[in-house]
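Examining the three-dimensional arrangement
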Amino acid sequence: MVKALILAGGKGARLRPLALHVPKPIVPLANIPFLFYQIDRVKRAAITEVVLSLSYQPRKIIDIFGDGMPFGVTMRYTHEDLPLGTAGAFKAAENLIDDTMIVLNGDVLTDIDLTDLLRFHREKGAEATLATVRVMNPSGYGLVEARADGRVARFTEKPPEDDVTGDTINAGIYVLERSVLARIPAGSAQSFERDLFPLMAQEGAAIYAYHTQGFWQDIGSPAKYLDASFGVISGRVKLPRYPHNSCLQNDWEKARITIDDISMLDGKCVVKPGVSIENSVLGEGCRIEEGARIKDSVIWSGTRVLPSARIERSIVGRQCYIGEGARLRPGTVLGDKSSVSDFSVI
Ligand code: GDD
Ligand code: MG
């Protein structure tokens, strides 16, 4: 039986300060802990046995998913005290692996069809299949070069800028046969991307690339997290249960409140007259006061935005305080409990 393993042990260093108190795998995306999307994707391929591979702040993640029952899956966990790397984490789950595994990075949002990925893998008789995507800026990813028949000729993890030759990257979604375990040395940190895949490609092993053209976006940095958020609320990523705006629309017009159809507000938000919200996400219990303007931004729960503040292409953590008339310019990222005094410009 095919199971899934989700790699969720990274520290999320590039997503600081957002991932300081909330580990990256459960950072809210469109007001839902990120891993919900991964689990949903896996379930759509009729896979109900899921292993979460944890290292950083595991308790917070286990508290949400427990045995997986409420989510319609059986959830098992592995935990590394010291991170073992992506392949090391797979190896550490050895006793939970009995057959073909789907392995997913815990920080990629995609509407890839995993059933079709599995079909491709079997058709090729592959030992490992990597999903690939084309991106505008491939630096900072794993570069995959494949032959016409899909066989991977070269895998290069994060080559220096000058050596970036293509725009097809590793999407962080794999199908691996159990036999791959034998290729990973035990007892030391091992990386799929720096050790295993380059070597398999070099050896001419049956490692294949499955190209996908669906939506794909990782949430590895604040800018990417914002783009993934916009992907969800705009409906560009095809999700089964697109979470709707739960705010009551009564009286908006009378109060000169403008909120576009795309924006997503938790039902427990308070929005005062004259507020304008565009292409943004507001978490539970936010309070947006008279005349504040929010555009292309994500605000986590419990944040208070005072009158006439302006927030643009920014991310604001939990329980922040944005003073009257303050202005958050594009690119601002505020961690939990930040406070911006009245009329400050950030
Ligand atoms: N359990 C465990 N242990 N998980 C880990 C460890 C570890 O030691 N190290 C990383 N992970 C998890 C992270 O939590 C994340 O979900 C996933 O493995 C990938 O790690 P990242 O740190 O996010 O890697 P990256 O974004 O620099 O690069 C990876 O993703 C790209 C696509 O987004 C690589 O797979 C690239 O080749 C790929 O293009
Ligand atoms: Mg990543």
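Okay, so let's go over this structure.

What counts as what
- Residues numbered from 1 in each chain as written.
- Chains lettered and ligands numbered in written order.
- Predicted model: local features only at pLDDT ≥ 70, side-chain atom pairs only at ≥ 80, totals over all residues.
- Heavy atoms only, no water.
- Phe/Tyr/Trp six-rings, centres within 6.5 Å; stacked < 30°, edge-to-face > 60°.
- Helix = DSSP H or I, 4+ residues; strand = E, 2+ residues; numbered from the N terminus.
- Buried < 20%, exposed > 50% of the residue type's maximum accessible area, 1.4 Å probe, protein only.
- Pairing = 2+ DSSP bridges.
- Near = heavy atom within 4 Å.
- Polar contact = N/O pair within 3.5 Å; in protein donor to acceptor, adjacent residues only side chain to side chain.
- Areas by Shrake-Rupley, 256 points an atom, 1.4 Å probe, with all protein chains shown as cover.
- Salt bridge = Lys/Arg side-chain N within 4 Å of Asp/Glu carboxyl O.
- Expected span 1.5 Å × (residues − 1).
- Contact = heavy atoms within 4.5 Å.
- Arc of directions from axis to C-beta.

Focus on the packing of aromatic side chains
Any two aromatic rings considered together are summarised by their centre-to-centre distance and by the angle between their planes. Enumeration over the complete set of coordinates arrives at 13 aromatic pairs. Ring plane angle 75° and centroid distance 6.5 Å describe the contact between Phe120 and Tyr208, whose orientation is recorded as edge-to-face. In this pair, Phe120 sits in helix α4 (residues 114–124) while Tyr208 sits in strand β12 (residues 207–211), placing the two residues 88 residues apart along the sequence. Assigned by exposure class, Phe120 and Tyr208 land together as buried. With a centroid separation of 4.9 Å and an interplanar angle of 70°, the aromatic rings of Tyr174 and Phe197 are classed as edge-to-face. Taken together, the positions of Tyr174 in strand β11 (residues 168–176) and Phe197 in helix α5 (residues 192–203) put the pair 23 residues apart, joining distant regions of the chain. Taking relative accessible area as the criterion, Tyr174 reaches 0% and is therefore assigned buried. Three or more aromatic residues link up through ring pairs in this structure, and these residues are Phe90, Phe155, Tyr174, Phe192 and Phe197.

Topic: the sheet that holds strand β17 (residues 276–278)
To summarise the sheet geometry, strands pair through backbone hydrogen bonds and adopt either a parallel or an antiparallel arrangement. With parallel pairing, the 5 strands of this open sheet are ordered in space as β14-β17-β20-β23-β26. The two strands at the open ends of the sheet, each matched to only one other strand, are β14 (258–259) and β26 (327–328).

Re the site of ligand 1
For ligand 1, the set of nearby residues contains 26 residues, the closest of which are Gly85, Glu157, Lys158, Asn170 and Glu193. Between Glu80 and ligand 1, the recorded distance is 2.7 Å, taken from a side-chain N or O atom to a nitrogen atom. Within the complex, 91% of the 740 Å² of free accessible area of ligand 1 lies under protein. For the shell around ligand 1, the elements supplying multiple residues, two or more each, are β1 (3–8), α3 (85–92), β11 and β13 (216–218).

So, the pattern of salt bridges
In the structure shown here, the tally under the stated rule is 17 salt bridges. Here the residues in one salt-bridge network are Asp116, Arg119 and Glu123, joined through shared partners.

A few points about helix α6 (residues 222–233)
Between its terminal C-alpha atoms α6 stretches 17 Å, which fits the 16 Å expected from 12 residues at 1.5 Å a residue. Counting buried residues along α6, 9 of its 12 residues qualify, which places the element largely inside the surrounding structure. Among all positions in α6, only Pro222, Tyr225, Leu226, Ala228, Ser229, Phe230, Gly231, Val232 and Ile233 are buried.

Section: the pairing of β12
For β12, the tally of buried residues reaches 4 of 5 residues, placing the bulk of the element in the interior. Pairing between strand β8 (residues 128–134) and β12: 5 bridges, direction parallel. Within the sheet, the bridge partner assigned to Ala131 lies in β12 and is Tyr210.

Re the sheet that holds strand β18 (residues 281–282)
Strand order across the open sheet formed by 5 strands is β15-β18-β21-β24-β27, with parallel pairing between neighbours. Of all strands in the sheet, those with a lone pairing partner are β15 (264–265) and β27 (333–334), marking the two edges.

Concerning the environment of Leu143
Relative to the helices and strands, Leu143 resides in strand β9 (residues 142–146). With relative accessibility at 4%, the residue Leu143 sits in the buried group. In the structure, Leu143 is positioned 28 residues away from Ala171 in sequence and 9.7 Å away in space, judged by C-alpha atoms. What Leu143 contacts, discounting residues up to four positions off in sequence, is Pro138, Arg154, Phe155, Thr156, Pro159, Val164, Thr165, Gly166, Thr168 and Ile169.

A few points about helix α2 (residues 58–65)
Turning to α2, its buried residues are Pro58, Ile61 and Phe65. On an axial view of α2, the arc spanned by its buried residues comes to 70°, and they lie on one face. Those residues of α2 that are exposed and aimed more than 90 degrees away from the buried face are Arg59 and Asp63. Where α2 is buried, its residues contact β1, α1 (35–44), β4 (49–54) and β5 (74–79).

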